[in-house]
Amino acid sequence: MRFLGNIEAKTDVKGRAFLPAVFRKELQNSGEEHIVMRKDVFQQCLVLYPETVWNAQMDVLRKRLNRWDRKHQSIFRQFVSDAEIITLDTNGRFLIPKRYLKLAGIDQSIRFIGMDDTIEIWSSEIAERPFMEPDDFGKALEELMAEEANEAGE
């Protein structure tokens, strides 16, 4: 499952939004019935995880954490307590709870960004700014790909 695209949308006064058709189709083709929403760990955006992707992430996280370590339990608790199962109605609409709107700084204008196996929801105001300056992006990508080529012996 691959989500690609940068799609502008709006929420209604109750905080409901339509998941873009291209993303709904991808979910349906993959047989996904549920989506999990949580605030991104690093950025001021929301992340929609198809249930299978969420479950795989949870498995990875759980394997790295010790249930008998207080700090690890706090990390896990924080991660899962900020998540919520989202259900699309028959029209592909879903409710973004008020606390999530506030966490992501979303008013009404939003932007859906396909991020491979997840979908991000950004305030349009925030998403209009570049995530990285073009020169910094080019330099970082060049360095990353050079590292990859070196590791592969190219």
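Trainee: Explain the layout of surface pockets to me, please; I cannot follow it from the model alone.
Mentor: Any empty space left between the atoms is revealed when a probe the size of a water molecule rolls over them. Considered as a void within the structure, the largest pocket measures approximately 280 Å³ in volume. Along the walls of the largest pocket sit 16 residues, with Asp40, Phe42, Val47, Tyr49 and Glu120 positioned nearest its centre. The biggest single contributor to the lining of the largest pocket is strand S8 (residues 118-123), with 3 residues. The class makeup of the residues in the lining of the largest pocket is 10 nonpolar, 3 polar and 3 charged.

Trainee: How do you make sense of unusual backbone geometry when you look at a structure like this?
Mentor: If a residue is not glycine, its phi is most likely negative; likewise, a peptide bond is most likely trans. Here the phi dihedral of Asp116 falls at roughly 75 degrees; this positive angle occurs in a residue that is not glycine. As for its position among the elements, Asp116 is in the loop between strand S7 (109-115) and S8. Take Asp116: its relative accessible area is 32%, and that puts it in the partly exposed class.

Trainee: Help me understand the environment of Thr11, please; the structure alone is not making it clear to me.
Mentor: Mapped onto the elements of the fold, Thr11 is located in the loop between strand S1 (6-10) and strand S2 (16-18). Sequence-wise, Thr11 and Lys102 are 91 residues apart; in three dimensions their C-alpha atoms are separated by 13 Å. Excluding its chain neighbours within four sequence positions, the residues that come into contact with Thr11 are Arg16, Ala17, Ile96, Asp107, Gln108 and Ile110.

What counts, and where the lines are drawn
- Residues numbered from 1 in each chain as written.
- Predicted model: local features only at pLDDT ≥ 70, side-chain atom pairs only at ≥ 80, totals over all residues.
- Heavy atoms only, no water.
- 1 Å grid on protein atoms, 1.4 Å probe; cavity = no way out; pocket = protein on both sides within 12 Å on 5 of 7 lines; lining within 4 Å.
- Points joined across faces, edges and corners; volume = space filled by probe spheres on them.
- Helix = DSSP H or I, 4+ residues; strand = E, 2+ residues; numbered from the N terminus.
- Nonpolar A, V, L, I, M, F, W, Y, C, P; charged D, E, K, R; others polar.
- Buried < 20%, exposed > 50% of the residue type's maximum accessible area, 1.4 Å probe, protein only.
- Contact = heavy atoms within 4.5 Å.

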